[in-house]
Amino acid sequence: KELPEPFWIAAAIILFGLVVTIMLLQNSPESGFLQIFRSWTLGLATAASYISTTGLTISERSHDGIPYLVMIIICLIGGGRFSTAGGLKFFRVISMFRQSSRELNLLIFPHGVSASRFGRESRDNEIMRLIWANLFAVVTAIWILTVIVAATDIPLSVSFLASVSSISNIGPAFTFTRLPDFSTVPGFGELSAIAQIALAIGMIFGRLEFLALLSLANVVYWRS
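Residues numbered from 1 in each chain as written. Predicted model: local features only at pLDDT ≥ 70, side-chain atom pairs only at ≥ 80, totals over all residues. Heavy atoms only, no water.

Caption draft 1: Representation of the overall build of the chain. Within the chain one finds eleven helices and two strands. Going residue by residue from the N terminus, the α and β elements of the chain occur as α-α-α-α-α-β-β-α-α-α-α-α-α. Sequence separation of 24 or more characterises 62% of the internal contacts of the chain that already satisfy a separation of 6 or more. Per element, the accessible surface of the chain, about 12900 Å² overall, is 69% carbon and sulfur. (Helix = DSSP H or I, 4+ residues; strand = E, 2+ residues; numbered from the N terminus. Contact = heavy atoms within 4.5 Å. Areas by Shrake-Rupley, 256 points an atom, 1.4 Å probe, with all protein chains shown as cover.)

Given below as structure tokens:
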């Protein structure tokens, strides 16, 4: 039986919070139980801030040391499917991994039977098609935004981070990573007008959900 989405989110917060806690303890000149407790609370709060895509500033120390790749992954995943969080959402990410694992298992055992479920919910082919279509739309939007921002003389890695944080509606992630790793790169307010408009549109699209926006372009639906 698979665990429901809230358990995956809670586990991700605890795991990521533990990583941030270890990072804080390694960079702290103090020691003792009180310091461990403070680092742990900061780590959990920082993890919840990122995974919920609110991007609230918990502590400068807890944000500065997060690796670039980890930041990208967390921003892309996002929070719960029925929440206001941005990103792909845990339900979709886990469903894609489950289906991929199921398809690979069928290559080894062609006549095997495996359930396609998420917790108590079944995942039919129509739902999985929508999930993969949403992934394609998100990846395409991030690619377009990255090209536009990079065309304004912004490094490709920074443009990619800005695009991901924009689509996932966690703009502060760009600032948190930019300061220690790309200190010479301008902030959002100093970007060119073209880059700002593109990222603003990306934030709107990411907030409204790509599948909902694509459904508005369904001519057959409007004719009916």
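Caption draft 2: Structural detail: the layout of surface pockets. If you add up the space inside the largest pocket, you get close to 280 Å³. Lining the largest pocket are 13 residues, with Ala12, Leu15, Phe16, Ile74 and Ile77 sitting closest to its centre. Among the elements of the structure, α1 (5–26) and α4 (68–77) are those that each provide at least two residues to the lining of the largest pocket. Top element by residues in the lining of the largest pocket is α1. It accounts for six residues. In terms of residue class, the lining of the largest pocket is made up of twelve nonpolar, one polar and no charged. (1 Å grid on protein atoms, 1.4 Å probe; cavity = no way out; pocket = protein on both sides within 12 Å on 5 of 7 lines; lining within 4 Å. Points joined across faces, edges and corners; volume = space filled by probe spheres on them. Nonpolar A, V, L, I, M, F, W, Y, C, P; charged D, E, K, R; others polar.)

Caption draft 3: Representation of the side chain of Thr146 in the model. Its location among the elements puts Thr146 in helix α6 (residues 125–150). Leaving out residues up to four positions away in the same chain, Thr146 has contacts with Leu156, Ser159, Phe160 and Ser163.

Caption draft 4: Molecular detail of the packing of α6 against helix α7 (residues 156–167). Between α6 and α7, the least distance of the axes is 8 Å, while the angle of their chain directions is 135°. By the criterion of interaxial angle, the relationship of α6 to α7 is oblique. Considering the relative orientation of α6 and α7, their crossing is right-handed. In this structure, α6 contributes Val138, Ala141, Ile142, Leu145, Thr146, Val149 and Ala150 to the contact, and α7 contributes Leu156, Ser159, Phe160, Ser163, Val164, Ser166 and Ile167. (Axes fitted to C-alpha atoms, helices over the stretch in contact; angles between N-to-C directions. Parallel < 35°, antiparallel > 145°, perpendicular 65-115°, else oblique. Left-handed = near helix turned anticlockwise from the far one by under 90°.)

Caption draft 5: The packing of aromatic side chains, seen in detail. Counted by the stated rule, this structure contains one aromatic pair. Aromatic side chains Phe16 and Tyr50 sit 6.0 Å apart centroid to centroid with 65° between the ring planes, which places their arrangement in the edge-to-face category. In this pair, Phe16 is assigned in helix α1 and Tyr50 in helix α2 (residues 33–51), connecting sequence segments 34 residues apart. The residues Phe16 and Tyr50 share a single accessibility class, namely buried. (Phe/Tyr/Trp six-rings, centres within 6.5 Å; stacked < 30°, edge-to-face > 60°. Buried < 20%, exposed > 50% of the residue type's maximum accessible area, 1.4 Å probe, protein only.)

Caption draft 6: Looking closely at α7. An ideal rise of 1.5 Å per residue puts 16 Å on twelve residues; α7 measures up with 16 Å between its terminal C-alpha atoms. Within α7, nine of the twelve residues are buried, which leaves it mostly tucked inside the rest of the structure. Within α7 the residues assigned to the buried category are Val158, Ser159, Leu161, Ala162, Ser163, Val164, Ser165, Ser166 and Ile167. Following α7 by one or two positions, Asn169 has its phi on the positive side, about 55°. (Expected span 1.5 Å × (residues − 1).)

Caption draft 7: Broad picture of the environment of Gln99. Here Gln99 shows up in helix α5 (residues 90–108). Note: C-alpha distance between Gln99 and Asn125 (26 residues apart in sequence) is 10.0 Å. Apart from the residues lying within four places of it in its own chain, the contact partners of Gln99 are Met128 and Trp132.

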